[in-house]
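# Summary of the model geometry
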Amino acid sequence: QVQLVESGGGLVQAGGSLRLSCVASGIIFSSYGVDWYRQAPGNQRELVASISISGSTNYADSVKGRFTISRDNAKNTVYLQMNSLKPEDTGVYYCKTVHYYTNYWGQGTQVTVSS
């Protein structure tokens, strides 16, 4: 059974940093691409960053230069390092992967950036 568990969220002041983790079980994470999404209250869930099996990465324009997605295959974990945080980065952050054409999401971790 595939499970994703996010952690690392919290309350931080603008300009601060957080590192989110997404740990997978039931799959070998290195064989999958992984996405980080976020959802602010009243907004749709939006794609923030992606990492492929080969390690290539893509970012939303709003986070380029501030966020870094990476993976540690030995720990079956994908990270999202978030620097220079802004109040508009506030939201619930989710990781997602696709296994046999099915989307698997974690439960989400709350990030709140105060001004």
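The structure under discussion appears in the preceding block.
This report concerns the structure included in the present document.

## Overview of the packing of aromatic side chains
Overall, the coordinates contain two aromatic pairs when judged by the stated rule. The interplanar angle of 90 degrees and the centroid separation of 6.3 Å between the aromatic rings of Tyr-94 and Trp-105 together place this pair among those described as edge-to-face. Of this pair, Tyr-94 sits in strand β9 (residues 91-99) while Trp-105 is found in strand β10 (residues 102-105), placing the two residues eleven residues apart along the sequence. Residue classification places Tyr-94 among the buried residues on the basis of a relative accessible area of 13%. A network of ring pairs unites the aromatic residues Tyr-37, Tyr-94 and Trp-105 as a single cluster. When the ring centre of Tyr-94 is taken as reference, the NZ or CZ atom of Arg-45 above it lies at 3.7 Å. The residue whose ring lies beneath Arg-45 is Trp-105, and the NZ or CZ to ring-centre distance is 4.6 Å.

## Let's talk about the pattern of salt bridges
Counted by the stated rule, this structure contains five salt bridges. Among the ionic pairs, Lys-96 bridges to Asp-35, the shortest N-O distance being 3.5 Å. One end of the pair, Lys-96, is in strand β9; the other, Asp-35, is in strand β4 (residues 34-39), and 61 residues separate them in sequence. Bridged by salt links that share partners, the residues Arg-38, Glu-46, Arg-66 and Asp-89 form one connected network.

## Thoughts on the sheet that holds strand β7 (residues 67-72)
Here four strands make up an open sheet; going across it, the order is β1-β3-β8-β7 and the pairing antiparallel. Single-partner strands in this sheet number two, and they are β1 (3-7) and β7. Averaged over all pairs of adjacent strands, the angle between their axes in this sheet comes to 15 degrees, without regard to strand direction. The pairing of β1 with strand β3 (residues 18-25) spans five bridges and is classified as antiparallel. For Glu-6, the partnering residue across the bridge sits in β3 and is Cys-22.

## Considering the pairing of β7
Going residue by residue along β7, you find Phe-67, Ile-69 and Arg-71 tucked away on one face and Thr-68, Ser-70 and Asp-72 left uncovered on the opposite face. In terms of strand pairing, β7 meets strand β8 (residues 77-82) through six bridges, oriented antiparallel. Residue Arg-71 lies in a different strand from β8, and its bridge partner there is Val-78. Here β7 hands over to β8 after four residues, with Asn-76 in that stretch at a positive phi of 55 degrees.

## What to know about the state of the cysteines
As enumerated under the stated definition, the model contains one disulfide in all. At a sulfur-sulfur separation of 2.1 Å, the disulfide partner of Cys-22 is Cys-95. The sign of the 70 degrees torsion about the S-S bond sets the Cys-22-Cys-95 disulfide as right-handed. Placement of Cys-22 in strand β3 and of Cys-95 in strand β9 is noted, with a sequence separation of 73 residues between them. Owing to a relative accessible area of 0%, Cys-95 belongs among the buried residues under this scheme.

What counts and how
Residues numbered from 1 in each chain as written. Predicted model: local features only at pLDDT ≥ 70, side-chain atom pairs only at ≥ 80, totals over all residues. Heavy atoms only, no water. Phe/Tyr/Trp six-rings, centres within 6.5 Å; stacked < 30°, edge-to-face > 60°. Helix = DSSP H or I, 4+ residues; strand = E, 2+ residues; numbered from the N terminus. Buried < 20%, exposed > 50% of the residue type's maximum accessible area, 1.4 Å probe, protein only. Lys NZ or Arg CZ within 6 Å of the ring centre and 35° of its normal. Salt bridge = Lys/Arg side-chain N within 4 Å of Asp/Glu carboxyl O. Pairing = 2+ DSSP bridges. Axes fitted to C-alpha atoms, helices over the stretch in contact; angles between N-to-C directions. Disulfide = S-S within 2.5 Å.

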